[in-house]
Amino acid sequence: MKINLLSILIVAFILSSCSNQKDDAIDSYIGFDIPKESLENYLGDKMMELDVPGLSFAIINDGKVVFKTNKGLANVQENIPITNKTIFEGASISKSVFAYFTMTFVEDGKLDLDVPLYKYLQYSDIAYDERYKLITARMVLSHRAGFPNWRENEDDKKLKLLFEPNTDYSYSGEGYQYLALVLKEIEKTDWDGLEQLFQEKVAKPLGLEHFVFIQNSYTREHKTEPYDENGEWIDWKNDYWFQKEDNVFYAASSLHTQCEDFSKWMIALMNKEGLHESSYNELFKPHSKVPYDGVSVNYTLGFLAIDFPFSNIVLHSGNNEGFTSWYALDSDKKWGFVLFTNSENGEQLGQELFFHLLAGSDLFKLYLILGCILITITIGIIYSIKCIRKKLKRRK
């Protein structure tokens, strides 16, 4: 019996992606229904388990937000709840947004991804090491510049190169900030001017009302309080990192926003809005292999790309003191989610939520489909071997 392996795989994939459209359920990544009530309960249980004071969450199916929720408190001491207006620090998911912003400079012909950055702006902080003159925007955005994450984490608090640029991977906020300095220099402006340009090039065209790298009066008024891993309030006004980043366009970490606007940005990516197709190809092209146990992960220009079969998932997480964030999206499936929390423990919640949303709580269906695919592949291999053997016998 002749077996069309490709057809069977396609049918299996289609079946796995089919679900009844219901107002009381959302689609997991592979298409299984997850009841909204079940998801609400899951988030509530995880908040209690991980001691997360508050969160905001949204999920996208077919390019539209189909479910969003705000849970817990923005200010535990004053019993102020998280609402749609609550502002969070995006932390390192800022990198994805900044990479998008950078591509607008490339499209305008003001920046070349492969021209050394020192030709736009010499960097006095690292000028003692001539190797820095090899660094390009592409290396920065894919974490191949050679910088540490932050110089403050080094014993001597000095900016240095850990290796020759473009020979290895090292996650670095310092590199992103050097590129922000370059963009500022290109425009001959200050940090406020770069923020204004970001609003003109990214936020306003995409309808993102509260989407800023430098805080304004609205974000300061509606921003949630931060809490540590023990649920204790963090005195952010006296925090070193807050003082360092306040009123500065920090490309790697200072995005302030909320679920509604970040979801809009994700949908814009799914629809390839705001940039040319060639720019999206650059953004999502893998550049650096990221060490990660059990899963193949690559860093693109500002995004983490997960190497899953039949998928095109990109994602990022973020952690500033007292704030964590997570998002994932697949442009082909028009599927994604975003999570903001005001807790150090939110990163673990994001990881667990990501895997929960891949298939939902009914793992039996997932294992059944994977089993069917494996059996089909096995049968196909056996059939191919038999065909080859028959051809060989005929030739003898």
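Rules used throughout
- Position numbers for residues count from 1 along each chain, tracking the sequence in the order it is written.
- Per-residue local features of the predicted model are confined to residues with pLDDT of at least 70, and side-chain atom pairs are confined, for both listing and counting, to 80 or more; whole-chain, interface and lining totals are unaffected and use all residues.
- With hydrogens and water excluded, all non-hydrogen atoms of the structure serve as input to the side-chain values.
- Secondary structure follows DSSP: runs of H or I at least 4 residues long count as helices, runs of E at least 2 residues long count as strands, and numbering of each begins at the N terminus.
- Whether a residue is buried, partly exposed or exposed follows from its accessible area with a 1.4 Å probe, protein chains only, as a fraction of its type maximum: under 20%, in between, or over 50%, in that order.
- Here, two residues are considered to be in contact whenever any of their heavy atoms come within 4.5 Å of each other.
- Using a 1.4 Å probe, the Shrake-Rupley method yields the accessible areas, and only the shown protein chains count as cover for residues.
- The rule for pairing is simple: two strands pair if DSSP sees at least two bridges between them.
- Residues enter a nonpolar core if they are buried and are Ala, Val, Leu, Ile, Met, Phe, Trp, Tyr or Cys, with the set joined through side-chain atoms within 4.5 Å.

Participant: I'd like to hear about the overall build of the chain, residue by residue, with values.
Facilitator: Within the chain, the secondary structure is distributed over 12 helices and 14 strands. Residues classed as buried in the chain amount to 52% of the 396 residues present. Nonlocal contacts in the chain, meaning residues at least 24 apart in sequence, comprise 63% of its contacts between residues at least 6 apart. Total accessible area computed for the chain in this model is approximately 18,800 Å², and 52% of it derives from carbon and sulfur atoms.

Participant: Quick rundown of the pairing of strand E4 (residues 64–75)? Include the residues and the values.
Facilitator: Where strand E3 (residues 54–61) and E4 come together, 8 bridges link them in antiparallel fashion. Bridge pairing in E4 links Ile60 to Val65. Once E3 ends, the chain turns through 2 residues before running back antiparallel as E4, passing Asp62 with a positive phi of about 50°. Pairing between E4 and strand E5 (residues 80–81): 2 bridges, direction antiparallel. Within the sheet, the bridge partner assigned to Leu73 lies in E5 and is Pro81. The hairpin turn running from E4 into E5, its antiparallel successor, is 4 residues long, and Asn79 in that turn takes a positive phi close to 60°.

Participant: Run through the nonpolar core, naming residues and quoting values.
Facilitator: If you look at the biggest cluster of nonpolar residues, it comprises 105 residues, and the most contacted ones within it are Phe57, Phe98, Phe262, Trp265 and Phe337. Top element by residues in this core is helix H9 (residues 259–270). It accounts for 8 residues. If near-sequence neighbours (up to four positions away) are discounted, Phe337 is found in contact with Phe57, Ala58, Ile59, Met266, Trp326, Tyr327, Ala328, Gly350, Leu353, Phe354 and Leu357.

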